[in-house]
Protein chains: 2
Amino acid sequence: MNERELINWIRQQGGTDSEGILVGPGDDCAVLASGDGVLLVTVDQVLAGVHVDIARAGGRAAGRKAMARNLSDIAAMAGVPFVAVASVTLPKGDEALGCEIYAGLREAAEAFGCPIVGGDVATWDNPLTVSVTVLGKMPAGREPILRSGARAGDAICVTGALGRSWQSGRDLTFTPRLAEAAELVSRATPSAMIDLSDGLARDLRHLCDASGTGAHLQAGAIPLAPGADLAGALGDGEDYELLFTLPRAEAEAVAATGLAGTPVTILGEMTTATELLMTDSTGTGPLPETGWEHRT
Amino acid sequence: MNERELINWIRQQGGTDSEGILVGPGDDCAVLASGDGVLLVTVDQVLAGVHVDIARAGGRAAGRKAMARNLSDIAAMAGVPFVAVASVTLPKGDEALGCEIYAGLREAAEAFGCPIVGGDVATWDNPLTVSVTVLGKMPAGREPILRSGARAGDAICVTGALGRSWQSGRDLTFTPRLAEAAELVSRATPSAMIDLSDGLARDLRHLCDASGTGAHLQAGAIPLAPGADLAGALGDGEDYELLFTLPRAEAEAVAATGLAGTPVTILGEMTTATELLMTDSTGTGPLPETGWEHRT
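Residues numbered from 1 in each chain as written. Chains lettered and ligands numbered in written order. Predicted model: local features only at pLDDT ≥ 70, side-chain atom pairs only at ≥ 80, totals over all residues.

## Things to note about the overall build of chain A
Logical step 1: Counting its secondary structure elements, chain A contains ten helices and 13 strands.
Logical step 2: With respect to the three principal axes, the spread of C-alpha positions in chain A is 55 × 45 × 40 Å.
Logical step 3: When the 296 residues of chain A are sorted by exposure, 59% land in the buried category.
Logical step 4: Of all intrachain contacts in chain A linking residues separated by at least 6 positions in sequence, the fraction that spans at least 24 positions is 83%. (Helix = DSSP H or I, 4+ residues; strand = E, 2+ residues; numbered from the N terminus. Buried ≥ 20, exposed ≤ 12 C-beta atoms within 10 Å, placed from the backbone. Contact = placed C-beta atoms within 7 Å.)

See the structure below:
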C-alpha cells in the first residue's frame, strides 16, 4: 500500500455522516455547519526533506509555505481565512529554527487575515515537521465551491502559469489565490474548483472523478511558467493555482480580464465521457497520467 | 532557548486581538466566536520516540493517544467535541502503520462523538508523527472554563489518581475526562480548570500564573496511582486528569460523590500569595518545581 492508496483507504472508511458535517474528507476542505453559517477546515503539513529543503529555503520560507498551502485550500472553496493553529517538531538543538518557522507562519497568516490562535511545539532527534490547520468561513450568502459540481460543457480555467514550481522556488513564494477566488465568485458561477498541488493532470482527474465527468484539454492553451514545458505544467505539481470550471460565456469574460490582477486561461472543457483527453498538434489522445510525487 | 522558552516566546508574540478570537494561545484551547456560539480549537501531536514507543505500544495505541490528548484539552474547557482533523507522517515502507494509526484515531474519536473530517498523510525516512486538531463546542448556555478564573480561597480538586502514567501504560489507555467535566459544570461553578499533562506541580503553576494567585497543597491529600510516590504524582506528567478550582462547599459536594464514576479529591486551596506551597508531615515549604519533560 503506497501513500496514495492509504489516503484512498482512509477516505473509504466513511463514518462522517454525523450532524453538522456537510462535506467530509476528500475535498480541499471539510465543510461544517456552525451556528448560522458554515466553517471550512483544512490541514496540511510541510516536512523537511520532503516538501522543503531547509538548507536551501531557511525556516522562514518553510513556515510561510506551511501556512500558504492551507490558505490555498481555503481559496479553492472560495472561502475566507478565519484562524490557524500549528504544530511544529524541531530538531533538538535547533530551537532557533522555531522562531524562524513561527515568523514565516505568521507572515503568511497576517497577510491574509488569519491569526494563529494556538499551537504545539516539540523537539526531537529528527528533521523539522510543520503541520498547520486553517479554519475558514464563507462570505455571507455564498456556498463553498466543491470539486464535485462540474458539468459537461463547462469551460476549464486556470489562474497563473504552471510548471517548474519547485525548481524555480515558486513553491516557497506563491500567493494563495484568495483574492482571485473572491473576485471569481462575485463575477461568475463556478461549478467546481480545486487548487493545483499534485499537478494539472492529477488534480483535473480529482475534479473529474468528484464531478462524474471527463475533460478535454487543448495542450497549446496551457499556460507555461518561465522555463517550463508541457510535461512540467501537467506533472510538476506545487503550482498552487486555482483550476475551476464554469459556463463558457462566464469563462470568456473572466479570461478577458483575469482575476485580481492574475491572468486566467481557458484550457479546455468538461465532457460527458469519463476519460481525460488532450489535443495537441499531433492529434487527440489520453491525457498523460503524470503527476508529482513528493521527493522522498 | 529550550522548548519551553520557545513556547513562551511564541505566546508573547501576541497579534491575536482580531475580531472573533475570545481566547488566544495559552489556555487548553483557543476560544473563537462562531455564529451564535463559541468554538474551541486545540492541537497536539504524538511523536514516535518522544510521546510513544511504537515498538511497545503499536500504532493503534499511538493513534488513540494522539486523539485522546486533544479530547482531554476539550474536557479542560468543559467543552463538547465536534470534529477532528489529523496529519500523519509515516516511515517510508511502513504504510501499514498508517491503517493502525487511523484505527486508533478513529476509535478514540468515535467513543467521544468526534468524527474525523479531514487529514493529510505523507511518508518519509524518519519516525512517525501524528498531529491532531480537535474542534469543540460549548453546551448551550455554558461558558468555557479557563485557566484564569481561580480566586484565593477556592478549593483545588483533581479527578482520578496521579503518577507513573508512562511506566504503567496509562498514558496510552486514559479516558479523556469529558463526562466528568460535563457533570462538574452541571453541578458546580468551577472557576478555573486545566488538564494534567506536564505534572501536577507544573500545571498548577500554569493555573496560578493565569489566575494571578498562589496555591497551598496538602501532600497527604494528593491521590497516588498504584505504585506512584509523591514525587511521581507531582512530576511524572501525562496523567490527563482534570485539575480545577471552585468554592469550598461545592468542592466538598463534588468530592463526596465523585464525577461520572471517577473519584474527586480536594488537594488544597488557592491563596492570595503568588507562591506555591505544600504542607507535609515535616512542615510547609515551596512546592518542588518538578515537572515532566518529554524523554528526548
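## Digging into the domain arrangement of chain A
Residues and elements named next belong to chain A.
Logical step 1: Here the domain parsing of chain A yields domain 1 (20–137) and domain 2 (155–286).
Logical step 2: On a C-alpha basis, the centroid separation for the pair domain 1 and domain 2 is 24 Å.
Logical step 3: On the side of domain 2, 15 residues touch domain 1, which itself brings 14 residues to the contact.
Logical step 4: Sort the elements by how many residues they give to the side of domain 1 that touches domain 2 and helix H3 (residues 59–76) lands first, with ten residues.
Logical step 5: Split by residue class, the side of domain 1 that touches domain 2 holds nine nonpolar, one polar and four charged. (Domains from an automatic or database assignment. Nonpolar A, V, L, I, M, F, W, Y, C, P; charged D, E, K, R; others polar.)

## Quick word on the relation of the copies chain A and chain B
Logical step 1: At an RMSD of 0.0 Å, chain A and chain B line up after a rotation of 180 degrees and a shift of 0.0 Å along the axis. What the superposition gives is, in effect, a two-fold axis relating one chain to the other. Ranked by how close their C-alpha atoms come to the rotation axis, the residues of chain A are headed by Gly 35 of chain A, at 2.2 Å.
Logical step 2: Comparing contact sets, 98% of the residues at the interface of chain A also lie at the interface in chain B, consistent with an isologous, same-surface contact. (Least-squares fit on C-alpha atoms with pLDDT ≥ 70 in both.)

## A short note on the packing of H3 of chain A against helix H4 (residues 96–111) of chain A
Residue and element names in this part refer to chain A.
Logical step 1: Two numbers describe how H3 lies on H4: the axes approach to 6 Å, and their chain directions differ by 40 degrees. In terms of crossing hand, the pair formed by H3 and H4 is right-handed. Of the residues in H4, those touching H3 at Gly 59, Arg 60, Ala 61, Ala 62, Gly 63, Arg 64, Ala 66, Met 67, Ala 68 and Leu 71 are Leu 97, Glu 100, Ile 101, Tyr 102, Ala 103, Gly 104, Leu 105, Glu 107, Ala 108 and Ala 109.
Logical step 2: Residues that form the contact of H3 with H4 fall into these classes: 13 nonpolar, three polar and four charged. (Axes fitted to C-alpha atoms, helices over the stretch in contact; angles between N-to-C directions. Left-handed = near helix turned anticlockwise from the far one by under 90°.)

## Examining the interface of chain A and chain B
Logical step 1: Counting from both sides, the interface comprises 58 residues of chain A and, opposite them, 57 residues of chain B.
Logical step 2: At the level of secondary structure, the elements contributing two or more residues to the side of chain A that touches chain B comprise helix H1 (3–12), strand S2 (30–34), strand S3 (37–47), strand S4 (80–91), H4, strand S5 (116–124) and strand S6 (129–137) of chain A.
Logical step 3: Residue classes in the side of chain A that touches chain B are distributed as 26 nonpolar, 24 polar and eight charged.

## As for unusual backbone geometry
Logical step 1: The phi dihedral of Glu 238 of chain A is positive, around 60 degrees, even though this residue is not glycine.
Logical step 2: By secondary structure assignment, the location of Glu 238 of chain A is in the loop between helix H9 (230–235) and strand S10 (242–246).
Logical step 3: Notably, Arg 164 of chain B is not glycine yet its phi reads approximately 60 degrees, a positive angle.
Logical step 4: Tracing the backbone shows Arg 164 of chain B in the loop between strand S7 (155–159) and helix H5 (165–168).

## Focus: the pairing of S6 of chain A
Taken residue by residue, a regular strand's side chains alternate between the two faces of the sheet.
Residues and elements named next belong to chain A.
Logical step 1: Along S6, nine of the nine residues are buried, which leaves the element largely enclosed by surrounding structure.
Logical step 2: Burial of the side chains of S6 extends over both faces: Thr 129, Ser 131, Thr 133, Leu 135 and Lys 137 are buried on one face and Val 130, Val 132, Val 134 and Gly 136 on the other.
Logical step 3: Relative to S6, S3 runs antiparallel, the two sharing nine bridges. Bridge pairing in S6 places Leu 40 opposite Gly 136.
Logical step 4: Of the strand pairs in this sheet, S4 and S6 are connected by nine bridges, and their pairing is antiparallel. Looking across to S6, one finds that Val 83 is bridged to Leu 135. (Pairing = 2+ DSSP bridges.)

## Some thoughts on helix H8 (residues 200–211) of chain A
All names here are of chain A.
Logical step 1: Here H8 is twelve residues long and its end C-alpha atoms lie 16 Å apart, about the 16 Å a rise of 1.5 Å per residue gives.
Logical step 2: Regarding H8, the residues found buried are Leu 200, Ala 201, Arg 202, Asp 203, Leu 204, Leu 207, Cys 208 and Ser 211.
Logical step 3: Contacts made by the buried residues of H8 are with strand S8 (192–195), strand S9 (214–218), H9, S10 and strand S12 (276–280).
Logical step 4: A positive phi of about 70 degrees marks Gly 212, the residue just after H8. (Expected span 1.5 Å × (residues − 1).)

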